[in-house]
Amino acid sequence: MNEFSVGLPRFLQASCNSQNEDLVKRVWKSWPVEIQVNIRTDIGEPVDDDNNPAKRRHNGRDFYNFRYPRDAGVKPDWAERYLTYPLEEYASEIGSTGFGADGSQWVGFDFDTILGHAEGVGISDAEIQEIDIAVERIGYAELRRSTGGRGRHIYVHLSDFKNVVNHTEHAALARAILAKLSHDLGMDLTASVDACGGNMWFWSRRATDENRGFELLKKATTKLSPIDVPNWCDYLPVVTRKRSKIYVEGLNEDFAASQPKVRRDRQHDAIFAEYVKHATLIYLPDHGCYHLHTAELAKVHETLRLRGFFETVSEGSDPGKPNAYAYLRPNGAMLVVRLGNAKETSIWGETKSGQACILFNQSLDLQNICRAVDGVWTGKGFTCPTLESANRAAGYFRISLPPVAERAVSFSIQNGGLLVTCDRIGKEQVNGWAGEGRKLKRHFAIDLPCDDESNDKYRHLTTPTNEDAGWAMERDDGTWGFESKSTLEDALIHDGCKKDGARRVLGAAAKHPWTLVNEPFQPEFLAGRRWNRHGRKLIVPGTKGNHRHFDLIFKQCGRMLDPAVSTDPWCRQYGVTSGSRYLLLWAASLIKRPKQPLPWLFLWSPENNTGKSSLHRALGMLFDGGATDVREALVEKFNGQLAGAVLCYVEEVSLPRSAYGKIKSWIDSPTISIREMRTTSYTLTNTAHFIQTANGRDACPVEQHDDRIVVIPVTPIEEKLIPWTDEMAPSLLSEAPNFLATLFDTPLPRSAGRLFLPVLTTPDKIEMMQGDKKTERETIVQALIEKITQLIKRNNRWHGFVGDLLKAIGKGEWSNSPATLSSYLDDAVGALAAHGIEVEISATQVHGQRPITIQLATAV
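The structure reproduced in this document is the subject of the present report. Model, not experiment: these values are computed from the prediction.

### Description of the layout of surface pockets
Any empty space left between atoms is shown by rolling a water-sized probe over those atoms.
Stage number 1. Its boundaries defined by the atoms lining it, the second largest pocket holds a volume of some 680 Å³.
Stage number 2. Lining the second largest pocket are 30 residues, and of these Ala833, Ala834, Gly836, Ile837 and Ala857 sit closest to its centre.
Stage number 3. Those elements that place two or more of their residues in the lining of the second largest pocket are helix H20 (631-635), helix H21 (659-668), strand E36 (671-674), helix H26 (818-834) and strand E41 (837-841).
Stage number 4. Along the lines of polarity and charge, the residues of the lining of the second largest pocket split into 13 nonpolar, 11 polar and six charged.

Quick look at the structure:
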């Protein structure tokens, strides 16, 4: 046994190289700091220890993952700790978060993580080049190669953050710094919460001279201080998962989500560069906007002589406390919105939620100017009854009127610019103005204001791949529903639009669509007009306290997996020593990595009251609305239940063999085609994970060589049966927040493959696969499926009679008989649907035959 503070530097000094020597010195200069040691998994055997699942034993010595200090997330204990094994022999990687006894010293980010890459995908050459170029201009950023040399790590050095007292606050600070990085790099770094303030390896056996792991690519020249990230404490509810995104008092989150996503351009950069000379600019990536002060913006507008007109009632007494937020608009413009119910000058307009708003660096909206100068609105523009009000209006447009006497002056938008018209006295001529009859006219080229697209109740929807996803409308009760375009047109006419006007509204909606996305555990409306309509929500996590009833369920359901776990190489390597631990990792991955595929769990028992259904029922308590019943989606052509589903279950139902095709496609496909009744099919990210329960083993269609389904027999409960309604369910509900906190805190090892966990093979599964030798008929049906798939890939759609189909696909094992082919076609319908091919056989006969339509399921 040796003191950690003695053994660690001795080992690092002896084992570092030219690539990580400065990293090692940095850690020791800041000692004591948070440290994590991960052990090797290529030697020794796992030790069954619930308190340390990664513990292993080699040559009679126990070794285990090690963290310092204790209780880092709450009240760190920096007292000396001791190691019972030599790092030289057993350490695999050593890292630090940058949090120390003197506060936050640095934060680090792994770009594979913050760019949202799935495990094993890796960073692309184009992304590496973009990162390298972008970081060059950021003085406070240090760029290094990743552990394996392929990716990129970025470090940000800090000064005077001594008030950061634990790892949780350090993670909040890191998330605030990531928001600043997002702005300064001009990159969308929408990381998960787990990407912030996390451990960064500074020594690893994977880093070699050949791959140049940890190599310094660019030094940092400055450090960040508290004045650079004044709002970091606002991120505490996010990293503790009390909120899904940062809260800003007075900011309307629905309005923020409705704003279009606009890429920052050079004009925006010039505005921000001038702004930060006087005040701190805060970027809020959660809401896609900037937090700033109107008084400082007014100075920027005057200094840079920007387009349009800008004024504010704020005197700027406290520029460090922002009073507005701004959304980017094209060509250097911004939409500025005051926080809360603050009132502004008369040239400011209002959002539909009643907040003062104005366009910055762009011509003002005519109606706002009309109101400001007491003009008379004419429908296409406004008229100023006095010369004084007309000159005021001209000032807002930064134009000059002719030296005319007192007379009415009109302003309107025509031919892409501003048309100014006033009465002509006799045949007077004014330089630059055209005399037409009784009028003087002049057309000015101005930047027309952007349309306010906020809070639109009629939405055209697209998918992330730009597929048409239909239309939606907000009803009078505030709910949203998918509707046809004609229904939206009827609703607009009911609201007072004429038919042409209704079409213009829908045309504008089509030009500014909302993207239908599936982002589990995130808000419904995300920045950049992204609608997370079906995204599931988690309950609020608690602390890592008691969850005894959850533990009982996992132990009961996982007991019969123990033998399969003990012989599985991946489980042995990563210290998974029991079926209950395997199921716990399944649940932790479900929560922490909802886009990561997992094996299908099939729990069966001929007896009742064995607890097999309690697993999905208990896990369903972690979600608002519970788990999703998908039985109908497996046997019908409509699968709307799967839109946004995370935890799916099939209970006490025997699935037909045709459902296996859907199982195969849904388990590990990154996307899923959603087909709801009376709507266009659309594609979403696939986040579905499945648990099936049944009394009979044959309820689940397991085919030979299956590599997706884990068959788990569940034996009768050995202990006293706990009544579900009176005791078990209420106890699980009270324990659910604590169990969710445990799942979040459960470390996940490296993935076993395309599915995060290995597909364990139990004796029951072996017997089921051996009994699945295909019949001659099933072989013929499979061949027919392949022929039809080829046909549709060539044509997308086919229509005709069964005899025509026989000619189209050619002779085969289904013989020359249309009647025989029709019989096999009935068997193939379900499997074809799983492949995205829809077969419709009409019930009405034409000339004694039933018409057949075969098409891609994405067709309307």
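### Section: the sheet that holds strand E12 (residues 152-157)
Stage number 1. Strand order across the open sheet formed by four strands is E10-E12-E11-E14, with antiparallel pairing between neighbours. What marks the edges here is a single partner per strand, and that holds for strand E10 (106-110) and strand E14 (216-218). The sheet shows a mean angle of 30 degrees between the axes of neighbouring strands, taken without regard to direction.
Stage number 2. Across five bridges, the pairing between strand E11 (residues 141-145) and E12 is antiparallel. Paired with Leu143 across the strands is Ile154, a residue of E12.
Stage number 3. Across the sheet, helix H2 (residues 21-29) lies against E10, E11, E12 and E14, angled at about 130 degrees from E11, the strand it touches most.

### A look at the packing of helix H9 (residues 266-275) against helix H10 (residues 294-304)
Stage number 1. Interaxial distance between H9 and H10 falls to 9 Å at its minimum, and their mutual angle equals 120 degrees. What the angle tells us is that H9 and H10 run oblique. When the axes of H9 and H10 are compared, the crossing they make is right-handed. Taking contact as the criterion, the partners of Ala270, Ile271, Glu274 and Tyr275 in H9 are, on H10, Glu296, Leu297, Val300, Thr303 and Leu304.

### Digging into the packing of aromatic side chains
Stage number 1. Within the structure shown, the criterion is met by 33 aromatic pairs.
Stage number 2. Seen from their ring centres, Trp433 and Phe444 are 6.2 Å apart, and the 70 degrees between their planes marks the pair as edge-to-face. A residue pair is termed long-range when its members are at least 10 positions apart, and Trp433 in the loop between strand E24 (417-423) and strand E25 (434-436) and Phe444 in strand E26 (residues 439-444) qualify at 11 residues. There is no split in this pair, since Trp433 and Phe444 are both buried.
Stage number 3. Joined through ring pairs, the aromatic side chains of Phe4, Trp28, Trp31, Phe66, Tyr68, Trp78 and Phe99 make up one cluster.
Stage number 4. A cation over a ring is seen here: Arg459 above Trp480, with NZ or CZ 3.9 Å from the ring centre.

### Some remarks on the pattern of salt bridges
Stage number 1. The final tally for this structure, using the stated rule, is 37 salt bridges.
Stage number 2. Linking Lys441 and Glu436 is a salt bridge whose minimum nitrogen-to-oxygen distance equals 3.5 Å.
Stage number 3. What makes Lys441 partly exposed here is its relative accessible area of 28%.
Stage number 4. Accessibility expressed as a relative area gives 45% for Glu436, which makes it partly exposed.
Stage number 5. Within this structure, Asp22, Arg26, Glu142 and Arg144 form a network of salt bridges that share partners.

### Overview of helix H12 (residues 387-397)
Stage number 1. For H12, every residue scored as buried is listed here: Leu387, Ser389, Ala390, Ala393, Ala394, Tyr396 and Phe397.
Stage number 2. Each element contacted by the buried residues of H12 is listed here: helix H11 (366-372), strand E22 (381-384), strand E23 (409-414) and E24.
Stage number 3. Arg398 sits one or two residues past H12 and shows a positive phi near 60 degrees.

### Examining the packing of helix H15 (residues 548-558) against helix H22 (residues 724-745)
Packed helices, taken two at a time, are described by the angle between their axes plus the distance between the axes.
Stage number 1. For the pair H15 and H22, the least separation of the axes is 7 Å and the interaxial angle reads 100 degrees. On the basis of the axis angle, H15 is roughly perpendicular to H22. Of the residues in H22, those touching H15 at Arg548, His549, Phe550, Ile553 and Phe554 are Glu727, Met728, Ser731, Leu732, Glu735, Ala736 and Phe739.
Stage number 2. A breakdown of the residues in the contact of H15 with H22 according to their chemical character gives seven nonpolar, two polar and three charged.

### Regarding helix H18 (residues 579-592)
Stage number 1. Taking 1.5 Å as the rise per residue, H18 with 14 residues should run 20 Å; its terminal C-alpha atoms sit 20 Å apart, in good agreement.
Stage number 2. Burial analysis of H18 places 12 of its 14 residues in the buried class, which makes it a mostly covered element.
Stage number 3. Listing the buried residues of H18 in full gives Gly579, Arg581, Tyr582, Leu583, Leu584, Leu585, Trp586, Ala587, Ala588, Ser589, Leu590 and Ile591.

### Focus on unusual backbone geometry
Stage number 1. Pro32 follows Trp31 through a cis peptide bond whose omega is 5 degrees.
Stage number 2. Its place among the elements puts Pro32 in the loop between H2 and strand E2 (33-39).
Stage number 3. Geometrically, the link from Tyr68 to Pro69 is a cis peptide bond, its omega value of 5 degrees lying close to zero.
Stage number 4. Of note in the backbone geometry, Arg212 takes a positive phi value of approximately 60 degrees without being a glycine.
Stage number 5. Along the chain, the position of Arg212 falls in the loop between strand E13 (200-204) and E14.
Stage number 6. One non-glycine residue, Phe521, adopts positive backbone phi at about 70 degrees.
Stage number 7. Assignment of secondary structure puts Phe521 in the loop between strand E30 (514-516) and strand E31 (525-526).
Stage number 8. What makes Phe521 buried here is its relative accessible area of 14%.

### Focus on a negative patch on the surface
Stage number 1. A surface patch of like charges, here negative, comprises Asp48, Asp50, Asp551 and Asp562.
Stage number 2. In this fold, Asp48 is placed in the loop between strand E3 (45-46) and strand E4 (56-58).
Stage number 3. In this structure Asp48 comes out as exposed when scored by relative accessible area, which is 57%.

### Observations regarding the pairing of strand E20 (residues 356-360)
Stage number 1. Here E20 lies mainly inside the structure; five of its five residues are buried.
Stage number 2. Judged by which residues are buried, E20 turns out to be covered on both faces: Ala356, Ile358 and Phe360 on one side and Cys357 and Leu359 on the other are all buried.
Stage number 3. In this sheet, E20 lies alongside strand E18 (residues 334-338) in antiparallel orientation, the contact comprising four bridges. Bridge pairing in E20 places Leu335 opposite Leu359.
Stage number 4. The pairing of strand E19 (residues 349-350) with E20 spans two bridges and is classified as antiparallel. The residue bridging Gly349 from the neighbouring strand is Cys357, located in E20.

Rules used throughout
Residues numbered from 1 in each chain as written. Predicted model: local features only at pLDDT ≥ 70, side-chain atom pairs only at ≥ 80, totals over all residues. Heavy atoms only, no water. 1 Å grid on protein atoms, 1.4 Å probe; cavity = no way out; pocket = protein on both sides within 12 Å on 5 of 7 lines; lining within 4 Å. Points joined across faces, edges and corners; volume = space filled by probe spheres on them. Helix = DSSP H or I, 4+ residues; strand = E, 2+ residues; numbered from the N terminus. Nonpolar A, V, L, I, M, F, W, Y, C, P; charged D, E, K, R; others polar. Pairing = 2+ DSSP bridges. Axes fitted to C-alpha atoms, helices over the stretch in contact; angles between N-to-C directions. Contact = heavy atoms within 4.5 Å. Parallel < 35°, antiparallel > 145°, perpendicular 65-115°, else oblique. Left-handed = near helix turned anticlockwise from the far one by under 90°. Phe/Tyr/Trp six-rings, centres within 6.5 Å; stacked < 30°, edge-to-face > 60°. Buried < 20%, exposed > 50% of the residue type's maximum accessible area, 1.4 Å probe, protein only. Lys NZ or Arg CZ within 6 Å of the ring centre and 35° of its normal. Salt bridge = Lys/Arg side-chain N within 4 Å of Asp/Glu carboxyl O. Expected span 1.5 Å × (residues − 1). Patch = residues over 30% accessible without salt bridge, like charges linked within 9 Å, V, L, I, M, F, W, Y side chains within 5 Å. Areas by Shrake-Rupley, 256 points an atom, 1.4 Å probe, with all protein chains shown as cover. Lys, Arg positive; Asp, Glu negative; His and termini not counted. Charge placed at Lys NZ, Arg CZ, Asp CG, Glu CD.

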